Amino acid sequence: MRSGCRFKADSGRALAALGLAAALSGCGLLPSTGYRNPANLSVRAAVPRKLALSPYGNSPYTVNGRTYYPLKTAAGYRRRGIASWYGIPFNGQKTSDGETYNMYAMTAASKVLPLPSYALVRNLNNGKSVVVRINDRGPFYPGRIIDLSYAAAARLGVIATGTAPVIVEGLAPGEKRVTPTRHRGPDVFGPHHAAHRSFFVQVGAFLRRQDADRLVRRLRGKGLRDLHVLHDDTHGRGLYLVRVGPEADRGAAQALLVRLSREGMGRGLIVDP
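Quantities reported herein were computed from a predicted structural model and do not represent experimental measurements.

A. View of unusual backbone geometry. The linkage connecting Leu-115 with the following residue, Pro-116, adopts the cis geometry, with an omega of -10°. Tracing the backbone through its elements, the reader meets Pro-116 in the loop between β4 (107–109) and β5 (117–123). Cis geometry is adopted by the peptide bond preceding Pro-139, which originates at Gly-138 and carries an omega value of -5°. As for its position among the elements, Pro-139 is in the loop between β6 (129–136) and β7 (144–149). Of note, Asn-64 is a non-glycine position whose phi angle comes to about 50°, a positive value.

B. Layout of the packing of aromatic side chains. In total, this model carries 7 aromatic pairs according to the counting rule given. Ring centres of Trp-85 and Tyr-150 lie 5.6 Å apart, and the angle between their planes is 50°; on these two criteria the pair is classed as tilted. Here Trp-85 is found in strand β3 (residues 78–86), whereas its partner Tyr-150 is found in helix α3 (residues 150–156), with 65 residues between them in sequence. For the pair shown, Trp-85 and Tyr-150 are each scored as buried.

C. Spatial organisation of the environment of Lys-50. Positionally, Lys-50 belongs in the loop between α2 (20–24) and β1 (61–63). For Lys-50, a relative accessible area of 75% corresponds to the exposed category. C-alpha of Lys-50 to C-alpha of Tyr-118: the two residues are 68 residues apart in sequence and 9.7 Å apart in space.

D. Spatial organisation of the nonpolar core. Within the largest apolar cluster, 45 residues are counted, with the highest numbers of intra-cluster contacts made by Val-121, Val-132, Ile-146, Leu-148 and Val-168. When contributions to this core are tallied by element, the ones reaching two or more residues are β3, β4, β5, β6, β7, α3, β8 (164–171) and β12 (269–271). The element contributing the most residues to this core is α3, with 6 residues. When sequence neighbours within four positions are dropped, the list of residues in contact with Val-132 reads Ala-46, Met-106, Thr-107, Ala-108, Ser-117, Tyr-118, Ala-119, Val-121, Ile-146 and Ala-152. Counting 18 residues, the second-largest nonpolar core is a separate cluster that includes Val-203, Phe-206, Ala-253 and Leu-256.

E. Quick look at the confidence of the model for the protein. When pLDDT is averaged across the protein, the result is 76; 73% of the residues are at 70 or more. Predicted confidence in the protein is weakest over α2, with a mean pLDDT of 29, and strongest over β4, with 96. Note on residues 1–30: pLDDT under 50 across the span, and 76 contacts to partners over four residues away in sequence or across chains. pLDDT under 50 marks residues 178–197. Its contacts with residues more than four places away, or in other chains, come to 43 contacts.

F. View of the pattern of salt bridges. Tallied over the full model, the rule gives 6 salt bridges. We note a salt bridge from Asp-213 to Arg-209, for which the minimum N-O separation is 2.9 Å. Of this pair, Asp-213 and Arg-209 both sit in helix α4 (residues 209–221), 4 residues apart, which is roughly one turn of that helix. Exposure remark for Asp-213: the relative accessible area of 25% places this residue in the partly exposed category. Given the relative accessible area of 39%, Arg-209 is considered partly exposed. Because the salt bridges share partners, they merge into one network encompassing Arg-208, Asp-211 and Arg-214.

G. Layout of α4. Along its 13 residues, α4 runs 19 Å from first to last C-alpha, staying within 8% of the 18 Å computed at 1.5 Å per residue. Within the sequence span of α4, burial applies to Asp-211, Ala-212, Leu-215, Val-216 and Leu-219. The arc that holds the buried residues of α4, viewed along the axis, is 145°, so those residues lie on one side. Structural note: α4 exposes Arg-217, Arg-220 and Gly-221 on the side pointing more than 90 degrees away from its buried face. Backbone geometry just after α4 places Gly-223 at a positive phi near 90°.

H. Structural view of the pairing of β6. Most of β6 sits out of view: 7 of its 8 residues are buried. Where β4 and β6 come together, 3 bridges link them in parallel fashion. Bridge pairing links Ala-109 to Asp-136 in β6. When β5 meets β6, the two strands line up antiparallel, connected through 6 bridges.

I. Fine view of helix α5 (residues 250–262). With 13 residues, α5 extends 18 Å between its outermost C-alpha atoms, agreeing within 8% with the 18 Å of an ideal straight helix rising 1.5 Å per residue. Buried within α5 are the following residues: Arg-250, Ala-253, Leu-256, Leu-257 and Leu-260. Across the axial projection of α5, the buried residues extend over an arc of 115°, all falling on one side. The positive-phi residue at the C-terminal boundary of α5 is Gly-264, with phi of around 75°.

Rules and cut-offs
In this numbering scheme, every chain counts its residues from 1 along its sequence in written order. Selection of residues for local features in this predicted model requires a pLDDT of at least 70, selection of side-chain atom pairs for listing and counting requires 80 or more, and totals for whole chains, interfaces and linings are taken over all residues. Computation of side-chain values: all heavy atoms of the structure, hydrogens and water removed. Comment: elements are numbered from the N terminus, with helices defined as DSSP H or I runs of at least four residues and strands as E runs of at least two. Each aromatic pair joins two rings of Phe, Tyr and Trp (for Trp, the six-membered one) with centres within 6.5 Å, and gets the label stacked for planes under 30 degrees apart, edge-to-face for over 60, and tilted for any other angle. A simple rule labels every residue: compare its accessible area, found with a 1.4 Å probe on the protein chains alone, to the largest value its type can have, and call it buried under 20%, exposed over 50%, or partly exposed in between. Grouping buried Ala, Val, Leu, Ile, Met, Phe, Trp, Tyr and Cys residues that are joined through side-chain atoms within 4.5 Å yields what is termed a nonpolar core. Working rule for contacts: check all heavy atoms of both residues, and any pair within 4.5 Å makes them a contact. Scored between 0 and 100, pLDDT is the confidence that the predictor attaches to each residue. The term salt bridge refers to a pairing of a side-chain nitrogen on Lys or Arg with a carboxyl oxygen on Asp or Glu at a separation within 4 Å. One less than the number of residues in a helix, times 1.5 Å, gives the span that helix is expected to have. This arc describes the spread of directions from the helix axis toward the C-beta atoms. Strands are treated as partners if at least two bridges between them are detected by DSSP.

Listed below in C-alpha coordinates is the structure:
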(Lines give C-alpha, C1' and ligand atoms only; values in the text may rest on other atoms or scores of the structure.)
Protein backbone atom coordinates (compact mmCIF):
# COMPACT_ATOMS: atom_id res chain seq x y z
CA MET A 1 0.00 0.00 0.00
CA ARG A 2 1.40 3.32 -0.97
CA SER A 3 1.67 5.68 1.94
CA GLY A 4 -1.56 7.63 1.81
CA CYS A 5 -1.70 8.01 -1.97
CA ARG A 6 -3.81 4.96 -2.60
CA PHE A 7 -6.41 5.99 -0.07
CA LYS A 8 -6.94 9.57 -1.13
CA ALA A 9 -10.13 10.60 -2.89
CA ASP A 10 -10.20 8.31 -5.89
CA SER A 11 -11.30 11.03 -8.28
CA GLY A 12 -7.88 12.65 -7.97
CA ARG A 13 -6.12 9.57 -9.31
CA ALA A 14 -8.68 9.00 -12.03
CA LEU A 15 -8.45 12.54 -13.30
CA ALA A 16 -4.68 12.43 -13.26
CA ALA A 17 -4.75 9.20 -15.21
CA LEU A 18 -6.65 10.93 -17.98
CA GLY A 19 -4.46 14.01 -17.96
CA LEU A 20 -7.24 16.29 -16.74
CA ALA A 21 -4.80 19.10 -16.09
CA ALA A 22 -4.63 19.60 -19.84
CA ALA A 23 -8.39 19.81 -20.10
CA LEU A 24 -8.58 22.37 -17.32
CA SER A 25 -6.27 24.60 -19.32
CA GLY A 26 -8.59 24.38 -22.32
CA CYS A 27 -6.78 21.58 -24.19
CA GLY A 28 -8.20 18.23 -25.17
CA LEU A 29 -7.45 15.29 -22.94
CA LEU A 30 -6.35 11.96 -24.31
CA PRO A 31 -4.07 9.29 -22.86
CA SER A 32 -1.37 10.19 -25.36
CA THR A 33 1.77 11.79 -23.94
CA GLY A 34 3.93 9.11 -22.43
CA TYR A 35 1.55 6.25 -23.28
CA ARG A 36 2.24 3.60 -25.87
CA ASN A 37 -0.55 3.25 -28.40
CA PRO A 38 -2.83 0.43 -27.20
CA ALA A 39 -2.80 -1.05 -30.71
CA ASN A 40 0.97 -1.54 -30.39
CA LEU A 41 0.94 -3.19 -26.97
CA SER A 42 1.78 -6.85 -26.62
CA VAL A 43 1.59 -8.39 -23.15
CA ARG A 44 0.92 -11.87 -21.92
CA ALA A 45 -2.34 -12.62 -20.18
CA ALA A 46 -2.15 -13.37 -16.47
CA VAL A 47 -2.35 -17.10 -15.69
CA PRO A 48 -3.82 -18.03 -12.28
CA ARG A 49 -1.32 -19.89 -10.13
CA LYS A 50 -0.91 -20.51 -6.44
CA LEU A 51 0.51 -17.48 -4.67
CA ALA A 52 1.28 -16.84 -1.02
CA LEU A 53 -0.71 -13.98 0.47
CA SER A 54 1.26 -10.78 0.78
CA PRO A 55 2.10 -9.58 4.31
CA TYR A 56 0.87 -6.19 3.14
CA GLY A 57 -2.62 -5.08 2.16
CA ASN A 58 -4.63 -8.04 3.50
CA SER A 59 -5.67 -6.66 6.87
CA PRO A 60 -8.90 -4.69 7.47
CA TYR A 61 -8.48 -1.03 6.60
CA THR A 62 -10.59 2.12 6.63
CA VAL A 63 -10.97 4.67 3.82
CA ASN A 64 -13.25 7.70 3.98
CA GLY A 65 -14.91 6.36 7.11
CA ARG A 66 -15.67 2.92 5.67
CA THR A 67 -13.89 -0.25 6.80
CA TYR A 68 -13.04 -2.95 4.27
CA TYR A 69 -12.34 -6.60 5.13
CA PRO A 70 -10.15 -8.31 2.50
CA LEU A 71 -11.17 -11.84 1.55
CA LYS A 72 -9.00 -14.85 2.29
CA THR A 73 -9.64 -16.38 -1.14
CA ALA A 74 -10.82 -15.14 -4.52
CA ALA A 75 -12.83 -18.32 -5.16
CA GLY A 76 -16.56 -17.65 -5.33
CA TYR A 77 -16.24 -13.88 -5.65
CA ARG A 78 -18.53 -12.39 -8.30
CA ARG A 79 -19.55 -8.74 -8.54
CA ARG A 80 -21.08 -6.48 -11.15
CA GLY A 81 -20.14 -2.81 -11.22
CA ILE A 82 -17.98 -0.18 -12.89
CA ALA A 83 -14.34 -0.57 -13.90
CA SER A 84 -11.91 2.33 -14.27
CA TRP A 85 -8.17 2.47 -15.00
CA TYR A 86 -5.02 4.23 -13.83
CA GLY A 87 -1.74 4.94 -15.59
CA ILE A 88 1.28 7.23 -15.75
CA PRO A 89 0.90 9.17 -12.46
CA PHE A 90 1.22 5.88 -10.56
CA ASN A 91 3.55 3.95 -12.85
CA GLY A 92 6.63 2.88 -10.89
CA GLN A 93 5.06 3.56 -7.50
CA LYS A 94 4.43 0.94 -4.84
CA THR A 95 1.18 -0.97 -4.93
CA SER A 96 -0.69 -2.03 -1.80
CA ASP A 97 1.08 -5.41 -1.65
CA GLY A 98 4.51 -3.83 -1.98
CA GLU A 99 5.09 -4.51 -5.67
CA THR A 100 6.04 -1.82 -8.16
CA TYR A 101 3.11 -0.76 -10.33
CA ASN A 102 3.68 -1.48 -14.03
CA MET A 103 0.88 -0.04 -16.13
CA TYR A 104 1.82 -2.37 -19.01
CA ALA A 105 1.29 -5.52 -16.92
CA MET A 106 -2.08 -7.29 -16.65
CA THR A 107 -2.92 -6.17 -13.13
CA ALA A 108 -5.72 -4.43 -11.27
CA ALA A 109 -6.79 -3.00 -7.92
CA SER A 110 -9.69 -4.31 -5.83
CA LYS A 111 -11.04 -3.21 -2.47
CA VAL A 112 -11.46 -6.72 -1.06
CA LEU A 113 -9.91 -9.44 -3.26
CA PRO A 114 -6.79 -11.01 -1.69
CA LEU A 115 -3.37 -9.61 -2.51
CA PRO A 116 -2.23 -11.16 -4.73
CA SER A 117 -5.00 -13.09 -6.47
CA TYR A 118 -6.52 -13.44 -9.93
CA ALA A 119 -9.81 -12.32 -11.43
CA LEU A 120 -11.65 -12.57 -14.72
CA VAL A 121 -13.01 -9.20 -15.85
CA ARG A 122 -15.65 -8.99 -18.58
CA ASN A 123 -16.65 -5.72 -20.24
CA LEU A 124 -20.44 -5.82 -20.57
CA ASN A 125 -20.37 -3.20 -23.34
CA ASN A 126 -18.43 -5.33 -25.81
CA GLY A 127 -18.09 -8.83 -24.33
CA LYS A 128 -14.29 -8.70 -24.14
CA SER A 129 -12.64 -10.49 -21.22
CA VAL A 130 -9.24 -10.53 -19.58
CA VAL A 131 -7.61 -12.24 -16.60
CA VAL A 132 -5.75 -9.87 -14.28
CA ARG A 133 -3.64 -10.27 -11.18
CA ILE A 134 -4.90 -8.23 -8.22
CA ASN A 135 -2.00 -6.46 -6.52
CA ASP A 136 -3.44 -3.14 -5.33
CA ARG A 137 -6.32 -1.58 -3.39
CA GLY A 138 -9.04 0.64 -4.84
CA PRO A 139 -10.94 2.20 -6.48
CA PHE A 140 -12.61 4.20 -3.71
CA TYR A 141 -15.33 5.80 -5.79
CA PRO A 142 -19.06 4.93 -5.55
CA GLY A 143 -20.10 2.08 -7.82
CA ARG A 144 -16.60 1.12 -8.93
CA ILE A 145 -15.38 -2.37 -8.17
CA ILE A 146 -12.04 -2.63 -9.98
CA ASP A 147 -9.26 -0.31 -11.18
CA LEU A 148 -7.45 -1.71 -14.22
CA SER A 149 -3.90 -1.21 -15.35
CA TYR A 150 -3.49 0.65 -18.65
CA ALA A 151 -2.73 -2.63 -20.44
CA ALA A 152 -5.78 -4.42 -19.02
CA ALA A 153 -8.01 -1.45 -19.83
CA ALA A 154 -6.72 -1.45 -23.40
CA ARG A 155 -7.41 -5.17 -23.77
CA LEU A 156 -10.99 -4.58 -22.54
CA GLY A 157 -11.61 -1.49 -24.67
CA VAL A 158 -11.91 0.90 -21.71
CA ILE A 159 -9.20 3.43 -22.60
CA ALA A 160 -11.34 5.85 -24.60
CA THR A 161 -14.37 5.80 -22.31
CA GLY A 162 -12.44 5.75 -19.03
CA THR A 163 -15.00 3.52 -17.33
CA ALA A 164 -17.17 0.56 -18.30
CA PRO A 165 -19.73 -1.79 -16.71
CA VAL A 166 -18.09 -5.10 -15.91
CA ILE A 167 -18.50 -8.41 -14.13
CA VAL A 168 -15.53 -9.42 -11.96
CA GLU A 169 -15.11 -13.07 -10.97
CA GLY A 170 -12.41 -14.32 -8.62
CA LEU A 171 -10.31 -17.22 -9.87
CA ALA A 172 -8.81 -20.00 -7.80
CA PRO A 173 -5.18 -21.06 -8.50
CA GLY A 174 -5.03 -23.09 -11.70
CA GLU A 175 -8.66 -22.38 -12.56
CA LYS A 176 -9.43 -21.98 -16.23
CA ARG A 177 -12.47 -20.18 -17.56
CA VAL A 178 -13.93 -20.24 -21.02
CA THR A 179 -14.07 -16.59 -21.97
CA PRO A 180 -16.49 -15.27 -24.59
CA THR A 181 -15.13 -15.42 -28.13
CA ARG A 182 -17.77 -13.26 -29.81
CA HIS A 183 -16.60 -9.68 -29.42
CA ARG A 184 -18.22 -6.56 -30.76
CA GLY A 185 -14.78 -5.49 -31.88
CA PRO A 186 -11.25 -6.78 -32.39
CA ASP A 187 -8.80 -7.26 -29.55
CA VAL A 188 -6.53 -4.22 -29.63
CA PHE A 189 -3.57 -6.45 -28.74
CA GLY A 190 -3.61 -8.43 -31.95
CA PRO A 191 -4.83 -8.70 -35.54
CA HIS A 192 -8.57 -8.59 -35.91
CA HIS A 193 -10.83 -10.86 -37.88
CA ALA A 194 -13.90 -8.66 -38.17
CA ALA A 195 -13.54 -6.56 -41.28
CA HIS A 196 -17.09 -5.30 -40.89
CA ARG A 197 -16.18 -3.32 -37.79
CA SER A 198 -16.11 0.47 -37.94
CA PHE A 199 -13.41 2.59 -36.35
CA PHE A 200 -13.54 6.14 -35.04
CA VAL A 201 -10.74 8.55 -34.30
CA GLN A 202 -11.13 10.44 -31.04
CA VAL A 203 -9.38 13.79 -31.32
CA GLY A 204 -10.37 15.51 -28.11
CA ALA A 205 -12.24 15.31 -24.82
CA PHE A 206 -13.33 18.36 -22.89
CA LEU A 207 -15.07 19.43 -19.73
CA ARG A 208 -16.96 22.16 -21.59
CA ARG A 209 -19.24 21.67 -24.59
CA GLN A 210 -18.09 24.95 -26.13
CA ASP A 211 -14.51 23.67 -26.27
CA ALA A 212 -15.67 20.53 -28.06
CA ASP A 213 -17.70 22.62 -30.51
CA ARG A 214 -14.67 24.82 -31.14
CA LEU A 215 -12.63 21.78 -32.11
CA VAL A 216 -15.41 20.57 -34.39
CA ARG A 217 -15.34 23.89 -36.23
CA ARG A 218 -11.56 23.60 -36.66
CA LEU A 219 -11.95 20.10 -38.05
CA ARG A 220 -14.63 21.22 -40.47
CA GLY A 221 -12.26 23.95 -41.59
CA LYS A 222 -9.81 21.18 -42.48
CA GLY A 223 -12.44 19.63 -44.73
CA LEU A 224 -13.40 16.81 -42.36
CA ARG A 225 -16.96 15.54 -42.15
CA ASP A 226 -18.72 12.85 -40.08
CA LEU A 227 -17.90 14.68 -36.86
CA HIS A 228 -19.52 13.65 -33.58
CA VAL A 229 -19.66 15.12 -30.09
CA LEU A 230 -20.55 12.47 -27.51
CA HIS A 231 -21.27 13.08 -23.85
CA ASP A 232 -19.85 10.56 -21.43
CA ASP A 233 -19.75 10.54 -17.65
CA THR A 234 -16.09 9.57 -17.41
CA HIS A 235 -14.64 9.16 -13.91
CA GLY A 236 -17.63 10.94 -12.43
CA ARG A 237 -17.27 14.01 -14.66
CA GLY A 238 -19.22 14.81 -17.77
CA LEU A 239 -16.82 14.88 -20.72
CA TYR A 240 -17.53 15.87 -24.29
CA LEU A 241 -15.72 13.52 -26.68
CA VAL A 242 -14.99 14.64 -30.24
CA ARG A 243 -14.75 11.79 -32.74
CA VAL A 244 -14.37 11.49 -36.50
CA GLY A 245 -15.76 8.57 -38.46
CA PRO A 246 -16.64 5.83 -38.84
CA GLU A 247 -13.76 4.52 -40.94
CA ALA A 248 -14.11 1.16 -42.65
CA ASP A 249 -10.97 -0.40 -41.16
CA ARG A 250 -8.08 0.26 -38.80
CA GLY A 251 -5.79 1.19 -41.70
CA ALA A 252 -8.11 4.00 -42.76
CA ALA A 253 -8.37 5.19 -39.17
CA GLN A 254 -4.56 5.15 -38.86
CA ALA A 255 -4.26 7.19 -42.05
CA LEU A 256 -6.68 9.71 -40.56
CA LEU A 257 -4.55 9.90 -37.42
CA VAL A 258 -1.49 10.70 -39.54
CA ARG A 259 -3.39 13.36 -41.47
CA LEU A 260 -4.61 15.03 -38.29
CA SER A 261 -1.10 15.07 -36.87
CA ARG A 262 0.38 16.58 -40.04
CA GLU A 263 -2.27 19.30 -40.02
CA GLY A 264 -1.43 20.29 -36.48
CA MET A 265 -4.50 18.77 -34.83
CA GLY A 266 -2.51 16.86 -32.22
CA ARG A 267 -2.46 13.15 -31.47
CA GLY A 268 -5.70 11.22 -31.67
CA LEU A 269 -6.80 7.79 -30.51
CA ILE A 270 -8.40 5.01 -32.52
CA VAL A 271 -11.66 3.87 -30.94
CA ASP A 272 -13.49 0.66 -31.72
CA PRO A 273 -16.77 1.12 -29.80
